[in-house]
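Survey of secondary and tertiary structure
Here is how the chains run, residue by residue.
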Amino acid sequence: QVQLVESGGGLVQAGGSLRLSCAASGRTGSIYTMAWFRQAPGKEREFVAAISWSRYTTNYSGSVKGRFTISRDNAKNTMYLQMNSLKPGDPAVYYCAAHSTLSFTTVKLDYREYDYWGQGTQVTVSS
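Residues numbered from 1 in each chain as written. Predicted model: local features only at pLDDT ≥ 70, side-chain atom pairs only at ≥ 80, totals over all residues. Heavy atoms only, no water.

Judged by pairing direction, the sheet is antiparallel, and its four strands sit side by side in the order β1-β3-β8-β7 without closing on themselves. Each end of this open sheet is capped by a strand with a single partner; those strands are β1 (2–7) and β7 (68–73). Mean inter-strand twist for the sheet, computed between neighbouring axes without regard to direction, equals 15°. In this sheet, strand β3 (residues 18–26) lies alongside β1 in antiparallel orientation, the contact comprising six bridges. Opposite S7, over in β3, you have S21 as the bridge partner. (Pairing = 2+ DSSP bridges. Helix = DSSP H or I, 4+ residues; strand = E, 2+ residues; numbered from the N terminus. Axes fitted to C-alpha atoms, helices over the stretch in contact; angles between N-to-C directions.)

Here it is as structure tokens:
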């Protein structure tokens, strides 16, 4: 089992920045591809970004590409999401997720393929 805990959410003005963190504990010795998803009220859970265990592969949704940066520090068992130029369309609960894999370079974009989830952190953008 892997436990994931997000932090770093909050209120920011449009155009501002936030950095989310996702700390993993438990069976962190295995290989996991990890990702961020978000869900706004009344909407489906949406893919934001994913990163392979080796950090070699990353993938972003079109709505955040160029503004958000996903990264991870395997030594610290922590994943990050640097969010810049936040827009009114970005507010949501942001979730981190982990998928157990044998691949160092694979990423997954479908939330249904992820095995472990954090509790979420709220991001609010004021105009």
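What follows picks up the thread again.
A few words now on the layout of surface pockets. Estimated volume of the largest pocket: approximately 170 Å³. For the largest pocket, the lining is made up of 16 residues, of which T28, Y32, R72, N74 and N77 are closest to its centre. At the level of secondary structure, the elements contributing two or more residues to the lining of the largest pocket comprise β1, β4 (32–39), β7 and β8 (78–83). Tallied by class, the residues present in the lining of the largest pocket amount to eight nonpolar, six polar and two charged. (1 Å grid on protein atoms, 1.4 Å probe; cavity = no way out; pocket = protein on both sides within 12 Å on 5 of 7 lines; lining within 4 Å. Points joined across faces, edges and corners; volume = space filled by probe spheres on them. Nonpolar A, V, L, I, M, F, W, Y, C, P; charged D, E, K, R; others polar.)

Extensive coverage of strand β9 (residues 92–100) is indicated by the burial of seven of its nine residues. Here β4 pairs with β9 via eight bridges, running antiparallel. Of the residues in β9, the one forming a bridge with T33 is H99. Across three bridges, β9 lies against strand β11 (residues 121–126) in antiparallel orientation. Each residue of the ladder has a partner; that of Y94, found in β11, is T121. The sheet contact formed by β9 and strand β10 (residues 116–117) spans two bridges and is antiparallel. Bridging from a neighbouring strand, A98 pairs with Y116 of β10. (Buried < 20%, exposed > 50% of the residue type's maximum accessible area, 1.4 Å probe, protein only.)

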